[in-house]
Amino acid sequence: MSGVSYFALLRLTLPQIALALGAFLTLTLDLTVLRRRAQSTRFLAGALTACCGCVAAMLLLACASGQQTLFDGMMVANPLTRLIQMALAAFAILAVLLSVSSQFTRHVGEYLSLILFATVAMMFLAGTQNLLLIFISLEFLSLSLYILTGFSKRSRASAEAALKYFLFGGMSAGFLLFGMSLLYGLTGSINLMQIAAALGGPALDPLLLAAIVMVVIGFGFKVAAAPFHLWAPDAYQGAPTPSAAFIASSSKIASFFIFAQVMMLGLAGAAGSAGWQSYSSGWVMVIAIVAAVSMLLGNLAAIAQTSVRRLLAYSAIGHAGYMLLGLAAHTQQSLEALIYYVLTYALAAMGAFGVLGALEAEGVDELKSLGGLSRRAPVLSFCMFVFLLSLAGIPPLAGFFGKFYVFVEAFRAGSGELLWLVLLAIATSAVSLYYYLRVLKQIYVVQPEADAAEAIHTPLLHRAVLCVMAALVVLLGCAPHLLLQWIGQAMR
Amino acid sequence: MVPVSYYLVLAAILFSIGVAAFLVKRNIISIFMSIELMLNAVNLTFVAFAHQWHQVSGQIFVFFVMVVAAAEAAVGLAIIIAIFRTRNTLNVDQVDLMKL
């Protein structure tokens, strides 16, 4: 690296810069011009500026082309990272639009700009192959998410959720960092490619095994995989609903993408195998165990929940297990399937939280209070129907194809050595159908309680966004090749 | 000259003390301090490895870890203040609104 090209750096980070400018603009406008206006005006104007920032970032990403690597892998741009970054910007738009009608805070500008800052962090996270930048952007993301979780200041549950998220997140950062320092010590580099080159060789150092376990613990916390999931149900339940929707969707995409990058690029030589009777040590075995525990614990614990948000949180843990199955297969095709899965999952999860957010004003959180919702809010109920069945994996919806591709690719990888895990995944996704249907039974079959019979009014924008998301879930289910082709082209 | 492995063992001991304190301590501030201890143990390993490899990237990493730890302290203490305002206690056993 002879000369540092600041111009190239500037060009490469233009989307992030646009998004950060959008965040600052939102904040400034809200604190100056809009200060004394009504809450709804402030939210609408703020959302508009925030969306402009996101759209600008997406346009810049769409215009860029080619492959580029700067500063020893610190900044990487290729079609795949651009695809992920575009998806993140799109999810930021959805998250902003879904929070427009919420009432939990008076600090509108801070809230919206934090969502954008978190998205900037995720875009940096998706576009790097360097341990230092991975750590910094992961912490940048986490700090924004802690604040978003604790944003409703007067709520006891919100503060508690933020505390638990913060403490567990801080510990996981310690583990991740320790794993990274061991990797650095073993290889003398903090670039994923150079680490992979230095690690090449069949024999596994015990120190490398320790590093692998530490890194998996660190990322396991971030993606909420069991047994490192303890923060997730509390954060999902206690956080303001729009924040929970954002945490459940966008941060999942970014965390899983970088998890896959670190494992499949950086530790490519130390994969090992997780076959039923032919295992050899390596990270695949660790991931396979975490995946199995997540699937079992997430799906079984979800059955016992009485709060809808906790139920969604445990189901998210189960879904993290399925996604880890795609990671354990570690082929190019399985990465493709994993990306498709995490994108469609994020869409359905954000939609489900969006529906709950619309009902929040009515004080609906417990499963019981959803009784007879189909008569009180038919549109919301139908959207919830689509999202939950997509999460369960029912055929014409996007979730089905996500699961199908991940399972098939996991089965194909390494001549069927992951068969035991695929069978477990199929069994647990049958279990998951039970608790999703329990929610739908409350909505569609059970009679409404006597004191809650009047119709629920939700703002038009909120309903429109939810309908668009539900339509997307159906569209991607009927024509999965639209997204798959895009991912496939980006990976080649 | 002190061999690198001594530093690594010391760092591992510090890290373990941090993890143990995280699990055992009941006061939120103490738990927070144990997280800082873990981060600083990692800093020691980074510096030791940077010395071993005669590189500067490990030491640069340490600077960024310090910066991140400071930012984390700002957010963490804000959350702890929010907890104290809503419940008048810093004992984690009493922060139990939501349970499995």
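This is a predicted model, so every value here is computed, not measured. (Residues numbered from 1 in each chain as written. Chains lettered and ligands numbered in written order. Predicted model: local features only at pLDDT ≥ 70, side-chain atom pairs only at ≥ 80, totals over all residues. Heavy atoms only, no water.)

### Observations regarding the overall build of chain A
In step 1: Helix and strand counts for chain A come out as 20 helices and 2 strands.
In step 2: The C-alpha radius of gyration of chain A comes to 22 Å, within 12% of the 23 Å expected for a compact globule of 492 residues.
In step 3: In terms of its C-alpha atoms, chain A occupies a principal-axis envelope of roughly 70 × 55 × 40 Å.
In step 4: Taking all 492 residues of chain A together, 63% fall into the buried category. (Helix = DSSP H or I, 4+ residues; strand = E, 2+ residues; numbered from the N terminus. Rg over C-alpha atoms; globule rule 2.2 N^0.38 Å. Buried < 20%, exposed > 50% of the residue type's maximum accessible area, 1.4 Å probe, protein only.)

### Side note on the packing of helix α11 (residues 241–266) of chain A against helix α14 (residues 332–360) of chain A
All names here are of chain A.
In step 1: Contact geometry of α11 with α14 gives a least axis separation of 7 Å together with a crossing angle of 170°. On the basis of their axis angle, the class for α11 and α14 is roughly antiparallel. The interaxial crossing formed by α11 with α14 has right-handed handedness. (Axes fitted to C-alpha atoms, helices over the stretch in contact; angles between N-to-C directions. Parallel < 35°, antiparallel > 145°, perpendicular 65-115°, else oblique. Left-handed = near helix turned anticlockwise from the far one by under 90°.)

### Considering the confidence of the model for chain B
In step 1: For chain B, per-residue confidence averages 90 on the pLDDT scale, and residues scoring 70 or more make up 98% of the total.
In step 2: We note a pTM of 0.92 for the whole complex and an ipTM of 0.94 for its interfaces. (pLDDT = per-residue confidence, 0-100.)

### Topic: the UniProt feature "transmembrane region" (unreviewed entry) in chain B
Residues and elements named next belong to chain B.
In step 1: This chain's UniProt record puts "transmembrane region" (unreviewed entry) on residues 6–24, 31–54 and 60–84.
In step 2: Each end of residues 6–24 is marked by a C-alpha atom, and these two atoms are 27 Å apart; helix forms 100% of the span and strand 0%.
In step 3: From the first C-alpha to the last, residues 60–84 spans 36 Å; its make-up is 100% helix and 0% strand. (UniProt positions renumbered as here; feature names shortened; annotations may be inferred.)

### Notes on the domain arrangement of chain A
Residues and elements named next belong to chain A.
In step 1: You can read the domains of chain A as domain 1 (1–128) and domain 2 (129–491).
In step 2: Between the C-alpha centres of domain 1 and domain 2 there is a distance of 22 Å.
In step 3: Every contact between the two is made by 41 residues of domain 1 and, on the other side, 44 residues of domain 2.
In step 4: Of the roughly 3900 Å² buried between domain 1 and domain 2 on both sides combined, carbon and sulfur atoms contribute 80%.
In step 5: On inspection of domain 1 and its partner domain 2, the count reaches 0 salt bridges.
In step 6: At the junction of domain 1 with domain 2, the criterion picks out 3 residue pairs in polar contact (both at pLDDT 80 or more).
In step 7: Counting only elements with at least two residues in the side of domain 1 that touches domain 2, the list comes to β2 (75–77), α4 (79–98) and α5 (108–126).
In step 8: Broken down by element, the residue count for the side of domain 1 that touches domain 2 peaks at 14 residues, all from α4.
In step 9: Residue composition of the side of domain 1 that touches domain 2, by class: 30 nonpolar, 9 polar and 2 charged. (Domains from an automatic or database assignment. Contact = heavy atoms within 4.5 Å. Buried area = accessible area lost by both parts, 1.4 Å probe. Salt bridge = Lys/Arg side-chain N within 4 Å of Asp/Glu carboxyl O. Polar contact = N/O pair within 3.5 Å; in protein donor to acceptor, adjacent residues only side chain to side chain. Nonpolar A, V, L, I, M, F, W, Y, C, P; charged D, E, K, R; others polar.)

### What about the interface of chain A and chain B?
In step 1: On the side of chain B, 41 residues touch chain A, which itself brings 43 residues to the contact.
In step 2: Counting each side, the surface lost to burial between chain A and chain B is near 3800 Å², with a carbon and sulfur contribution of 79%.
In step 3: Contact with chain B buries area across many residues of chain A, yet A:R156, A:F166 and A:Y184 alone supply 17% of it, more than any other trio.
In step 4: The interface formed by chain A and chain B includes 1 salt bridge.
In step 5: Between A:E160 and B:R87 there is a salt bridge, and its shortest N-O distance comes to 3.3 Å.

### Re the confidence of the model for chain A
In step 1: Of the residues in chain A, 96% reach a pLDDT of 70 or more, and the chain-wide mean stands at 87.
In step 2: Mean pLDDT across the secondary structure elements of chain A bottoms out at strand β1 (residues 68–70) of chain A, with 81, and peaks at helix α6 (residues 131–149) of chain A, with 93.

### Details of a positive patch on the surface
In step 1: Where like charges cluster on the molecular surface, the positive patch consists of A:R106, A:K153, A:R154 and B:R85.
In step 2: Position of A:R154 among the secondary structure elements: in the loop between α6 and α7 (156–187).
In step 3: A:R154 sits in the exposed class, given a relative accessible area of 68%. (Patch = residues over 30% accessible without salt bridge, like charges linked within 9 Å, V, L, I, M, F, W, Y side chains within 5 Å. Areas by Shrake-Rupley, 256 points an atom, 1.4 Å probe, with all protein chains shown as cover. Lys, Arg positive; Asp, Glu negative; His and termini not counted. Charge placed at Lys NZ, Arg CZ, Asp CG, Glu CD.)

### Quick look at the side chain of A:K222
All names here are of chain A.
In step 1: With respect to the helices and strands, K222 occurs in helix α9 (residues 206–222).
In step 2: Here K222 occupies a buried position and makes no salt bridge, while the nearest side chain of opposite charge, E139, is found at 4.3 Å.
In step 3: Within the structure, K222 has its side chain in polar contact with the side chain of S172 (distance 3.5 Å).
In step 4: Setting aside anything within four residues of it in sequence, one finds K222 in contact with L138, E139, S142, Y146, G169, S172, W231 and S255.

### Focus: the nonpolar core
In step 1: Membership of the largest hydrophobic core comes to 216 residues, with the highest contact counts inside it found for A:W283 and B:F61.
In step 2: Sorting elements by how many residues they give to this core places α14(A) first, with 20 residues.
In step 3: Composition of this core by domain shows at least three residues from each of domain 1 (1–128) and domain 2 (129–491) of chain A.
In step 4: Setting aside chain neighbours within four positions, we find A:W283 in contact with A:I212, A:M263, A:M264, A:L267, A:A270, A:A271, A:L327 and A:H330. (Core = buried A, V, L, I, M, F, W, Y, C linked by side-chain atoms within 4.5 Å.)

### Re the environment of A:L143
In step 1: Counting through the fold element by element, A:L143 comes out in helix α6.
In step 2: Along the chain, A:L143 and A:L391 lie 248 residues apart, while their C-alpha atoms are 28 Å from each other.
In step 3: Contacts of A:L143, omitting those with residues within four sequence positions, involve B:A71, B:E72 and B:V75.

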